[in-house]
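Tertiary structure, described
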Amino acid sequence: MGSKQMMPQFIEALSLGPVRVLFRKRTNNLMRSLLCTLNRETIPPEHLGTLGVVSESIEGDRYIVWDVESNDWRSFYQDSIIAFEPETPDQRATGEAST
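Bear in mind the structure is a predicted one, so any value in this text is a computation, not a measurement. (Residues numbered from 1 in each chain as written. Predicted model: local features only at pLDDT ≥ 70, side-chain atom pairs only at ≥ 80, totals over all residues. Heavy atoms only, no water.)

A word on the sheet that holds strand β4 (residues 72-77)
Quick note on the threshold: In this scheme, strands are said to pair when DSSP sees at least two bridges between them. Each helix is a run of H or I in the DSSP string that is no shorter than four residues. Each strand is a run of E no shorter than two, and both are numbered from the N terminus. Only the stretch in contact is used when fitting a helix axis, every axis being a line fitted to C-alpha atoms; angles between N-to-C directions are given from 0 to 180 degrees. Any two residues having at least one pair of non-hydrogen atoms within 4.5 Å are treated as being in contact.
Ordered by their spatial adjacency, 5 strands build an open sheet running β4-β3-β2-β1-β5, and the pairing between neighbours is antiparallel. With partners counted over all chains shown, the strands left at the sheet margins are β4 and β5 (81-86), one partner each. Each strand axis lies, on average, 35° off the axis of its neighbour in the sheet, ignoring direction. Most of the contacts of helix α1 (residues 7-16) go to β5, to which it runs at about 45°, and overall it touches β1 (19-24), β2 (31-37), β3 (62-67), β4 and β5.

And the structure:
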């Protein structure tokens, strides 16, 4: 799924709110699910300064995103993405994971 055609949609979804991303880690080839975002309203104010630096890295094949569940920055590579799905407001309210 890591095609360049889907990347504008992916970046837009990240900027709007939490997105569930399924990807394969390069270090151990294990699949990982990550609830992440680049939405300014979701990232804690003390970490917003990092967002400008992170935004510059989007042009490459590595994505640096805010992990909503761990409250920290995480990264993964474009070619490792298996699937992604924006989380709906209902899922956020109930804490229910997307499928």
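Examining the nonpolar core
Selection criterion: In this text, buried Ala, Val, Leu, Ile, Met, Phe, Trp, Tyr and Cys residues form a nonpolar core when linked through side-chain atoms within 4.5 Å. When a residue's accessible area, from a 1.4 Å probe over protein chains only, is under 20% of the maximum for its type it is buried; when over 50% it is exposed; and in between it is partly exposed.
Formed by 18 residues in total, the largest nonpolar core has its most connected members in Phe-10, Leu-14, Val-21, Cys-36, Val-65 and Phe-76. For this core, the secondary-structure elements that each account for two or more residues are α1, β1, β2, β3 and β4. Residue contributions to this core peak at 4 residues, all from α1. In contact with Phe-10, not counting residues within four places along its chain, are Val-19, Val-21, Tyr-63, Phe-76, Ile-81 and Phe-84.

Function cannot be read off these values alone, since they describe shape.
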